[in-house]
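The primary structure of each chain is shown beneath.
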Amino acid sequence: MDKILILAIFWFRLIVTEAAVSVGGGIGVGVGGSGGGGGVWVGGGISTGPNTPPAGAPQVSKLNAAYIALQAWKSAITDDPNGILKTWVGLNVCAYKGVFCADSQDYMGRSTVQVVAAIDLNHADLQGVLVKQLSALTDLSLFHLNSNRFSGTVPESFKEFTSLTELDLSNNRFSGPFPITVLYIPNLKYLDLRFNSFSGPVPDDLFNKQLDAIFLNNNQFDSELPQNLGNSPASVINLANNKFCGNIPFSLGYVGSQVKEILFLNNQLTGCIPEGVGLWSDLQVLDVSSNSLMGHLPDSISCLSQIEVLNLANNKLSGELPDLVCELRSLLNLTVSSNFFSGFSQDCANLNIGFDFSYNCIPGKEMQIFGGAKQISIGCLSLIERSNDVDLPHLLVLLSQNSVILGLLDKICQPKVCSGLKQSWQAYTKNNKSFSNGSIEVNCHNLGWKKMEIFV
């Protein structure tokens, strides 16, 4: 709602001129009808009726080109349940719902002619495709199509949007590879492609572009993250709910202080959280949950002095939770659940913020993986379901009593599968009466897993 209000005020200020007398235009609210916040549309201009174009040869030329482009797009829209396009009649495009007109200015800052400066059809529930003729709207600054049913791809001609600063195609049905043409829109600052079906790799050049916000979440991108991700000057980067794989790029340690939010949740990332994370001095939200990240937390994470939300849940992180993490002064929510953390200090225990440490390996705490026979069985079965061929032995984290381990194996394994694992474990414990920090490998190829790592 705040965004819509700001947009309305911004465009209202632009279209108010000395000659702003209109019969067919005006300001309207609620483009989307019920079921959403709707959009804001601004008509206006000089008009005596919907079929009368504004006077002035240059202005007629600009708006006539807009008329041709919008009518071509209208013919490619196949469903309009809210009747938005019923207003798209006649030459006065400034009276069309969802179309914003504004006065263009010359190099001296003087108003010259009216142009189509923005299209905002958020929540209009339109079905159709985008057409190449839209590139004729060279003065377009904002193009918002959130929550519609547009499909297909983004026309290559969109690179001719030389004035465009905001492109929002979120929550539609677009598909195919990343729309490379958006990288050639020279003044683009805000790119929102979330909640579509784009797939394949994300080009490196995206993170070299001077964007302030990048939203790619909830698509089907499936490549490794570009190694130059840290080059981006964006304040918000959302890559959640895709199929990105590989490591978090080390270059992220060089992201400028302008980054406020970065989200990697629910992908297929592996490896460690890079040490450079501590350089994100102004970071407020970091979410790497629901991946396969491993290892200990880097000490530098304690340098995130502005962090408010830190979500590390559903990974394979281990070790003790560093004291300094729990001392971060701006922290409002800390989630480390469903990992293999082995403990935390009294500082963490005394946190009076949202702190979820459930389903770890912390002795003496409730809701832990190894808190009791029933919890052992349920927790370990859950881990098996989400593990790959190399990760089952993490079930033995921090367990040092032979009887407990054998009892656990009896509960969750078939006898044939367990026998080899039991023999390997019994052989190890027989020759190693005490445990020390580190890890060992046990040969369990006969079980179908490549190796076993037991962290103790």
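Quick caveat, the model's predicted, so the values are computed rather than measured.

(A) Up close: the packing of aromatic side chains. Summed over all chains, the structure comprises 15 aromatic pairs. With centroids separated by 6.2 Å and ring planes inclined at 45 degrees, the aromatic side chains of Phe178 and Phe221 adopt a geometry described as tilted. Of this pair, Phe178 sits in the loop between β10 (173-177) and β11 (190-192) while Phe221 sits in strand β14 (residues 220-221), placing them 43 residues apart in sequence. When sorted by exposure, Phe178 lands in the same class as Phe221, which is buried. Here a set of aromatic residues connected by ring pairs shows up, and it is made of Trp73, Trp88, Tyr96, Phe143, Phe150, Phe158 and Phe161. Here Arg194 stacks its cationic end above the ring of Phe215, 4.2 Å away from the centre of that ring.

(B) How the structure looks around the pattern of salt bridges. Applying the stated criterion across every chain yields a total of five salt bridges. Across the pair Asp139 and Lys62 runs a salt bridge, and its minimum N-O distance is 2.9 Å. Of this pair, Asp139 sits in the loop between β6 (127-129) and β7 (142-144) while Lys62 sits in helix α2 (residues 57-74), and the two are 77 residues apart along the sequence. Owing to a relative accessible area of 21%, Asp139 belongs among the partly exposed residues under this scheme. Residues Asp192 and Arg194 are paired through a salt bridge, measuring 2.9 Å at the closest nitrogen-oxygen approach. Under the relative-accessibility criterion, Asp192 is labelled buried at 0%.

(C) Main features of the sheet that holds strand β24 (residues 340-344). Spatially, three strands are ordered β20-β22-β24 in an open sheet, and the strand pairing comes out parallel. With partners counted over all chains shown, the strands left at the sheet margins are β20 (294-295) and β24, one partner each. As defined by bridge partners, β20 adjoins strand β22 (residues 316-321) across two bridges and the pair is classed as parallel. Its bridge partner lying in β22, Gly295 is registered against Leu317.

(D) Representation of the sheet that holds strand β8 (residues 149-152) within the structure. With mixed pairing, the six strands of this open sheet are ordered in space as β3-β6-β8-β10-β12-β14. Two strands close off the open sheet at either side, each with one partner strand: β3 (77-79) and β14. In this structure, β10 lies alongside strand β12 (residues 197-200), joined through three bridges in parallel fashion. Each residue of the ladder has a partner; that of Gly176, found in β12, is Phe198.

(E) Region of interest: the state of the cysteines. Inspection of every chain in the model, using the stated rule, returns two disulfides. Put simply, Cys94 and Cys101 are joined by a disulfide, and their sulfur atoms are 2.1 Å apart. Between Cys94 and Cys101 the disulfide shows an S-S torsion of about -95 degrees. By sign, it is left-handed. Given the relative accessible area of 0%, Cys94 is considered buried. A sulfur-sulfur separation of 1.7 Å characterises the disulfide bridge that pairs Cys326 with Cys348. Between Cys326 and Cys348 the sulfur-sulfur dihedral comes to about 90 degrees; the bridge is accordingly right-handed. Taken as a pair, Cys326 in helix α3 (residues 323-326) and Cys348 in helix α4 (residues 346-349) lie far apart in primary sequence, 22 residues in all. For Cys326, a relative accessible area of 7% translates into the label buried. Exposure remark for Cys348: the relative accessible area of 0% places this residue in the buried category. In the protein chain, the cysteines engaged in disulfides, taken in order along the sequence, are linked 1-2, 3-4.

(F) Quick look at the pairing of β22. Of all six residues in β22, five are buried; the element is thus mostly enclosed. Judged from the four bridges that link them, β22 and β24 form a sheet pairing that is parallel. Paired with Leu321 across the two strands is Phe344, which belongs to β24.

Here is what the cut-offs are and how they apply
Residues numbered from 1 in each chain as written. Predicted model: local features only at pLDDT ≥ 70, side-chain atom pairs only at ≥ 80, totals over all residues. Heavy atoms only, no water. Phe/Tyr/Trp six-rings, centres within 6.5 Å; stacked < 30°, edge-to-face > 60°. Helix = DSSP H or I, 4+ residues; strand = E, 2+ residues; numbered from the N terminus. Buried < 20%, exposed > 50% of the residue type's maximum accessible area, 1.4 Å probe, protein only. Lys NZ or Arg CZ within 6 Å of the ring centre and 35° of its normal. Salt bridge = Lys/Arg side-chain N within 4 Å of Asp/Glu carboxyl O. Pairing = 2+ DSSP bridges. Disulfide = S-S within 2.5 Å.

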